[in-house]
Amino acid sequence: MTETIVVVGGGTGGTVLANRLAEDLASEIDAGEVAVKLVTDDPNHTYKPTFLYVAFGEREVADARRPLSELLDDRVDLHVDRVVDVDAEAKRIERRDGKRLGYDHLAIATGASVVPEETPGLKEGGHHFYNPDGTETLRAELASFEEGHLVLSVVGTPHMCPAAPLEFVFMADDWLRKQGRREDVDITYTYPIGRAHGLESIAEWATPRLDDRDIAVETFFNATEVDPDEQVVSTAEGTEMEYDLLVAIPPHTGDDLISAAGLGDDGWADVDNHTLESERADDVYVLGDSADVPTSKAGSVAHFEAGVVADRIASRVRGRTPTARYDGKTVCFIETGMDEATFVKFNYGEQPSLPDPSRFIHWAKLSYNESYWLTAKGLL
Ligand SMILES: Cc1cc2nc3c(=O)[nH]c(=O)nc-3n(C[C@H](O)[C@H](O)[C@H](O)COP(=O)(O)OP(=O)(O)OC[C@H]3O[C@@H](n4cnc5c(N)ncnc54)[C@H](O)[C@@H]3O)c2cc1C
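Now for a description of the structure that goes with this document. (Residues numbered from 1 in each chain as written. Predicted model: local features only at pLDDT ≥ 70, side-chain atom pairs only at ≥ 80, totals over all residues. Heavy atoms only, no water.)

### Considering a nonpolar patch on the surface
Consideration 1: Judged by side-chain polarity, Leu374, Leu379 and Leu380 come together as a nonpolar surface patch covering roughly 290 Å² of accessible area.
Consideration 2: Structurally, Leu380 is set in the segment after helix H11 (359-376). (Patch = residues over 30% accessible without salt bridge, like charges linked within 9 Å, V, L, I, M, F, W, Y side chains within 5 Å. Areas by Shrake-Rupley, 256 points an atom, 1.4 Å probe, with all protein chains shown as cover. Salt bridge = Lys/Arg side-chain N within 4 Å of Asp/Glu carboxyl O. Helix = DSSP H or I, 4+ residues; strand = E, 2+ residues; numbered from the N terminus.)

Here it is in structure tokens:
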């Protein structure tokens, strides 16, 4: 009998996982003993970090997309449809077209998306660079923004790529300077807790640099409402801030499927931090942004987790005890302007130290962005 592995989600986590499984279990798949099926609601794979550059006119949304059929190993059976239910007792998933697929092992990597509508007025009054439409609209706004108050407000946490809000203000500062518009633009960065970033060492590194660049910082700033007509953000702390251009990191949610399947609350799945196995269902793994683990919602996390999940599933298929464990490894580049960057690397519970920004690290980030497609193929 064929042992079936179903992967849900064709983003970073799901694509890397399916390709790793195809490689690790190639002989079993070729012998018809194992099948790997990837079910996803989009025929294209999207590399979301590109959206940051789209806002500044450095990349196009099309650069972020490639057909999954080009990225997946031929041994992976691709199904393009939305998964609407998981029956963990019967060990099967249901697609939107009503078709059911049975599984022996299920891995879910359905990611995160933004829900600006959760904060009153934010959708109408704010902009963001977290999806294709958002970043295209922001690009047009930035291109014509000649003077006034640009506010970058981190409204929702957790959010994808904890470095991106800092990257945005550093890049905006540099971009506007290079275009001779910076003198007429005030920039403010707001963060919900009492420092500039969730990780203490990043906050300590960023605060003096923001100051040097004349970027004002407001902490304990939890935006609760935006008045698009008056162009004012109100906070839970009782303060108000006027803006001319509001760039927000909107509230995020995981996919409905996670809650509907009883795997977690608010779209984030309860998993073991090291094995990524669901705490609520047998033979179910959740990885990437959908997994509620104590590290960043980052592509590097999804990538490293995919390696662990592939190893654990392959061991189980072969009747061996799985030993691979995820240690929280997270690696992120942080752009500090249009042509300089630094990076962080840390595991669970560690505070990263940041090297001085350099052009070399910036070029390393751009090179990684280009070679990402090899990562998705499971080759890097
Ligand atoms: C602006 C921006 C900049 C970023 N920069 C960086 C960076 O520099 N470095 C970094 O490491 N990370 C970065 N990230 C974060 C990174 O993109 C995500 O952490 C990563 O994509 C998570 O991978 P994932 O597989 O969990 O989810 P995703 O890549 O979002 O993939 C989810 C997939 O699941 C599919 N799907 C969802 N629901 C269903 C369903 N019910 N049925 C079937 N399919 C479904 C979706 O269509 C999608 O294909 C950035 C993100 C953004 C938005």
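### A closer look at the pattern of salt bridges
Consideration 1: Scanning the entire structure with this criterion turns up 25 salt bridges.
Consideration 2: When the shortest N-O distance is used, the salt bridge between Arg96 and Asp81 registers 3.8 Å. Taken together, the residues Arg96 in the loop between strand S7 (92-95) and strand S8 (100-102) and Asp81 in the loop between strand S5 (76-80) and strand S6 (83-87) connect sequence positions 15 residues apart.
Consideration 3: A relative accessible area of 55% means that Arg96 is categorised as exposed.
Consideration 4: Between Arg182 and Asp173 there is a salt bridge; the shortest N-O distance is 2.7 Å. Accessibility classification places Arg182 together with Asp173 in one group, the buried group.
Consideration 5: Through salt bridges with shared partners, a single network forms among Asp81, Arg95, Arg96 and Asp97. (Buried < 20%, exposed > 50% of the residue type's maximum accessible area, 1.4 Å probe, protein only.)

### Notes on the packing of helix H1 (residues 12-24) against H11
Packed helices, taken two at a time, are described by the angle between their axes plus the distance between the axes.
Consideration 1: Packing of H1 against H11 leaves a shortest axis separation of 9 Å and a crossing angle of 50°. Relative to H11, the element H1 is oriented oblique. Contacts from Thr12, Thr15, Val16 and Asn19 of H1 reach H11 at Tyr372, Thr375 and Ala376.
Consideration 2: In the contact of H1 with H11, the residues fall into three nonpolar, four polar and no charged. (Axes fitted to C-alpha atoms, helices over the stretch in contact; angles between N-to-C directions. Parallel < 35°, antiparallel > 145°, perpendicular 65-115°, else oblique. Contact = heavy atoms within 4.5 Å. Nonpolar A, V, L, I, M, F, W, Y, C, P; charged D, E, K, R; others polar.)

### Notes on the pairing of strand S1 (residues 3-8)
Consideration 1: Across the six residues that make up S1, a large majority, five, are buried.
Consideration 2: With six bridges joining them, S1 and strand S2 (residues 34-40) adopt parallel strand pairing. If you follow Ile5 over to S2, its bridge partner there is Val36. (Pairing = 2+ DSSP bridges.)

### Considering the sheet that holds S7
Consideration 1: With antiparallel pairing, three strands are arranged side by side in an open sheet as S6-S7-S8. Pairing within the sheet leaves two strands with one partner each, and these edge strands are S6 and S8. Across the sheet, the axes of successive neighbouring strands diverge by a mean angle of 20°, strand direction being ignored.
Consideration 2: As paired strands, S7 and S8 are joined by three bridges and run antiparallel to one another. Within S8, the residue paired with Ile93 across the bridge is Leu101.

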